[in-house]
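Survey of secondary and tertiary structure
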Amino acid sequence: MKIVIGGQVEKKAIEALIKDVDPAVETVVKSDLDAAMAMKTGQADYYLGACHTGGGGALAMAIAMIGKDKCETVSMPGKKPDASRVAEAVKEGKIAFGFTGDHMEAAVPMILQALKNKG
């Protein structure tokens, strides 16, 4: 599994968290545009990004490049990530996930678990 990390904040911290949860996951940190292009061209399987709202800077380029139907806002200010909603999003075929930087410690493991259980 290859995950590209975009968004506006906490990119290196998200990468470190992914590696802590599952060292086997291949990660690459890119700018928003390059990360979205990597998704569009099949260079990565999934996109994770964080910003201060969870959906704006975290997912804007991914939405523009691969479509809103492939993107999921996992958390927003005042709305913590929900494991059942994340699992449902993965089932629906979502491949890009945005969340607030302060929720990354909850969101990243939830997303990785849902992706692993997708099979």
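Everything that follows concerns the structure shown earlier in this document.
Right, let's walk through the structure included here. Numbers given to residues run from 1 along each chain, matching the order in which its sequence is written. The predicted nature of this model means local features are confined to residues of pLDDT at least 70 and side-chain atom pairs, given and counted, to a pLDDT of 80 or more, with totals for whole chains, interfaces and linings taken over all residues. Here the side-chain values reflect all heavy atoms present in the structure, with hydrogen atoms and water set aside.

A short note on the pairing of strand S5 (residues 96-100)
Burial status follows relative accessibility: with a 1.4 Å probe on protein chains alone, a residue under 20% of its type maximum counts as buried, one over 50% as exposed, and anything between as partly exposed. Secondary structure elements are taken from DSSP: a helix is a run of H or I of four residues or more, a strand is a run of E of two residues or more, and numbering for both begins at the N terminus. Judged by how many residues are buried, S5 sits mostly within the fold: five of five residues are covered. Alternating residues of S5 divide into Ala96, Gly98 and Thr100 and Phe97 and Phe99, and every residue in both groups is buried. At least two DSSP bridges between two strands are needed for those strands to be called paired. Direction of pairing for strand S3 (residues 46-51) relative to S5: parallel, over a ladder of five bridges. Bridge pairing in S5 places tyrosine 47 opposite alanine 96. Here three bridges tie strand S4 (residues 71-73) to S5, and the two strands are oriented parallel to one another. Bridging from a neighbouring strand, cysteine 71 pairs with alanine 96 of S5. Every crossover in which the path from the first strand over the helix to the second runs clockwise, viewed with the strands pointing away from the viewer, is termed right-handed. For the crossover that starts at S4, traverses helix H4 (residues 83-91) and ends in the parallel S5, the hand is right-handed.

Points about the side chain of aspartate 32
Along the chain, aspartate 32 turns up in helix H2 (residues 32-40). Of the side chains with opposite charge, lysine 11 lies nearest to the buried aspartate 32, which makes no salt bridge, at 4.3 Å. At 2.4 Å, the side chain of aspartate 32 and the side chain of glutamine 8 are in polar contact. Only heavy atoms matter for contacts: two residues are in contact if any of them lie within 4.5 Å across the pair. Setting aside anything within four residues of it in sequence, one finds aspartate 32 in contact with Gly6, Gly7, Gln8, Lys11, Tyr47, Gly57 and Met61. In this tally Asp and Glu are treated as negative and Lys and Arg as positive; neither His nor the chain ends contributes. Just to be clear on terms, a salt bridge is a Lys or Arg side-chain nitrogen sitting within 4 Å of an Asp or Glu carboxyl oxygen. In protein, a polar contact requires one atom able to donate a hydrogen and another able to accept it; more generally it is a pair of N or O atoms within 3.5 Å, and residues adjacent in sequence count only if both atoms are side-chain atoms.

What about the environment of methionine 65?
Examined against the element boundaries, methionine 65 turns out to sit in helix H3 (residues 56-66). Sequence separation between methionine 65 and alanine 35 is 30 residues, and the spatial gap between their C-alpha atoms is 9.8 Å. In contact with methionine 65, other than residues within four places in its own chain, are Leu33, Ala36, Met37 and Lys40.

Some details on the sheet that holds strand S1 (residues 2-7)
With respect to topology, five strands assemble into an open sheet ordered S2-S1-S3-S5-S4, the strand pairing being parallel. Of all strands in the sheet, those with a lone pairing partner are strand S2 (26-29) and S4, marking the two edges. Along the sheet, successive strands turn relative to each other by an average axial angle of 20 degrees, direction set aside. By the bridge criterion, four bridges tie S1 to S2 in an arrangement that is parallel. Paired with lysine 2 across the two strands is glutamate 26, which belongs to S2. Note on definitions: angles span 0 to 180 degrees between N-to-C directions of axes, and those axes are lines fitted to C-alpha atoms, for helices only across the stretch in contact. Packed on one face of the sheet, helix H5 (residues 104-117) meets S1, S3 and S5 and runs near 160 degrees to S5.

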